[in-house]
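Structural description and commentary
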Amino acid sequence: MPSRQIKCRVGAGNGSDLPVGVVVGGQLATPPYSSFFFWNATAVVVNYASQPSTAGGIITITGSGFENNSSAISVSVQLPSLSSGTTATNNNVMICSSVTIESSSTSFTCMMPPGLGGALLPILVIVGDRQNTLDQNTAFSYRSPIIRSISKVGTKGGMITIQGD
């Protein structure tokens, strides 16, 4: 009696409507049903996003539902309004570029451009056709500016220098 079932193992992944083909005796079988495969979608959850200085820099994002394919991940931060000192694209969105996978499906880094500190901004992580839910738990902010030193000036006045991050 011929077998009517095939079992095979597929690796981790994401996606839907992926074509499936079965070759039997050198011939491609055409099933009477839809011949497409999909992985059960895993929700994208952001648990934490580190804070860079206002000069920008590498941030770490942890959570779940990320992929091991950095090109499948995009990260953006929605600005309330364009302010001087920020680098934004259309629609007041800053893009976190150069995504690098740190830990399989749970952590990655990306490069944030310069911005302004203090405000909580929604961070959106898109993985393929899935994205995280935007709420207070997924807020991002730059570290507030830090004053490291202020030069002194004599009693007659003059120029002072303020240094910080």
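A brief report on the enclosed structure follows.

Conventions and cut-offs
- Position numbers for residues start from 1 in each chain and track the written sequence from start to end.
- In view of the model being predicted, local features appear only for residues whose pLDDT reaches at least 70, and side-chain atom pairs are presented and counted only at 80 or more, with totals across whole chains, interfaces and linings using the full set of residues.
- Side-chain descriptors were evaluated using all non-hydrogen atoms of the structure, hydrogens and water having been removed beforehand.
- Per the convention used, a helix needs a DSSP run of H or I reaching at least four residues, while a strand needs a run of E reaching at least two, with both numbered from the N terminus.
- A contact between two residues is defined here by any heavy atoms of the two lying within 4.5 Å.
- Per-residue and other accessible areas were derived by the Shrake-Rupley procedure at a 1.4 Å probe size, with only the shown protein chains allowed to occlude residues.
- Cysteine sulfur atoms that pair up within 2.5 Å are treated as a disulfide.
- Any two rings among Phe, Tyr and Trp, with Trp reduced to its six-membered ring, count as a pair given centres within 6.5 Å; such a pair is stacked if its planes are under 30 degrees apart, edge-to-face if over 60, and tilted if neither.
- When a residue's accessible area, from a 1.4 Å probe over protein chains only, is under 20% of the maximum for its type it is buried; when over 50% it is exposed; and in between it is partly exposed.
- DSSP-based pairing: two strands are paired if at least 2 bridges between them are found.
- The term nonpolar core refers to a set of buried residues drawn from Ala, Val, Leu, Ile, Met, Phe, Trp, Tyr and Cys, joined through side-chain atoms within 4.5 Å.

**Brief notes about the overall build of the protein chain**
When helices and strands are counted, the protein chain shows zero helices and 14 strands. Going from N to C terminus, the protein chain has its helices and strands arranged as β-β-β-β-β-β-β-β-β-β-β-β-β-β. Taking the contacts inside the protein chain whose residues are at least 6 apart along the sequence as the reference set, 53% of them involve residues at least 24 apart. Summing over all exposed atoms, the protein chain offers an accessible surface of approximately 11200 Å²; the carbon and sulfur share of this is 54%.

**Let's talk about the state of the cysteines**
Applying the stated criterion across every chain yields a total of one disulfide. Between the sulfur atoms of Cys-96 and its disulfide partner Cys-110 the distance amounts to 2.0 Å. Where Cys-96 bonds to Cys-110 through sulfur, the torsion about that S-S bond is close to 100°, and the disulfide is right-handed. Of this pair, Cys-96 sits in strand E8 (residues 93-103) while Cys-110 sits in strand E9 (residues 107-112), and the two are 14 residues apart along the sequence.

**What to know about the packing of aromatic side chains**
Summed over all chains, the structure comprises two aromatic pairs. The interplanar angle of 80° and the centroid separation of 4.9 Å between the aromatic rings of Phe-66 and Phe-108 together place this pair among those described as edge-to-face. Here Phe-66, found in the loop between strand E6 (57-64) and strand E7 (73-78), pairs with Phe-108, found in strand E9; they are 42 residues apart in sequence, far enough to count as distant. Neither Phe-66 nor Phe-108 differs from the other in exposure class; each is buried.

**Describing the pairing of E6**
Along any regular strand, the residues point their side chains to alternate faces of the sheet. Two elements, strand E5 (residues 45-49) and E6, share four bridges in a ladder whose sense is antiparallel. Within E6, the position partnered with Ala-49 by the bridge is Ile-61. Here E6 pairs with E9 via six bridges, running antiparallel. Bridge pairing in E9 links Ile-58 to Met-111.

**A look at the nonpolar core**
If you look at the biggest cluster of nonpolar residues, it comprises 22 residues, and the most contacted ones within it are Ile-61, Val-75, Phe-108 and Val-125. Going through the elements one at a time, E5, E6, E7, E8, E9 and strand E10 (121-127) are the ones with two or more residues in this core. Per-element accounting of this core gives the leading share, four residues, to E10. Excluding anything up to four places from it in sequence, Ile-61 contacts Val-46, Tyr-48, Ala-49, Phe-66, Val-75, Thr-106, Ser-107, Phe-108, Cys-110, Ile-123 and Val-125.

The analysis is restricted to geometry; functional conclusions fall outside its scope.
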